[in-house]
Amino acid sequence: MEVITSYVALAVGLIIAIGAGGASVGIALMGGKFIEASARQPELMNALQVRMFILVGLIDAPFIIGVGIALWFALANPFIG
């Protein structure tokens, strides 16, 4: 029983860590491209900013879903008992 619990704790940590890393890298790359595009064409900054915030939500969505699944495994573990 304790071995399964420790593997679940490891899996939960990996789900959250890899998801957070991927989301942060994606948002950082997108933010850098937004700054470059805004510097090249300042008149498009408002339209680009709206699209950037929509994409931030889409990039964060898999991470938030992963956190929800990780919490489900941590709190209501289907593999025990």
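Residues numbered from 1 in each chain as written. Predicted model: local features only at pLDDT ≥ 70, side-chain atom pairs only at ≥ 80, totals over all residues. Heavy atoms only, no water.

A. Examining the overall build of the protein chain more closely. If you tally the helices and strands in the protein chain, you get two helices and zero strands. Against the globule reference of 12 Å for 81 residues, the protein chain gives a C-alpha radius of gyration of 18 Å, more extended than a compact globule. Taken along the three principal axes of its C-alpha coordinates, the protein chain extends 60 × 15 × 10 Å. Burial analysis of the protein chain (81 residues in total) assigns 14% to the buried set. (Helix = DSSP H or I, 4+ residues; strand = E, 2+ residues; numbered from the N terminus. Rg over C-alpha atoms; globule rule 2.2 N^0.38 Å. Buried < 20%, exposed > 50% of the residue type's maximum accessible area, 1.4 Å probe, protein only.)

B. Up close: the environment of valine 67. As for its position among the elements, valine 67 is in helix H2 (residues 45-75). Taking the C-alpha atoms as reference, valine 67 lies 9.3 Å from alanine 20; in sequence the two are 47 residues apart.

C. Main features of H2. With 31 residues, H2 should reach 45 Å at 1.5 Å per residue; the first-to-last C-alpha distance of 44 Å fits that figure. The sharpest bend along H2 reaches about 30° and sits at alanine 61, with the proline proline 62 one to four residues further on. (Expected span 1.5 Å × (residues − 1). Bend = angle between axes of the 7 residues up to and from the residue.)

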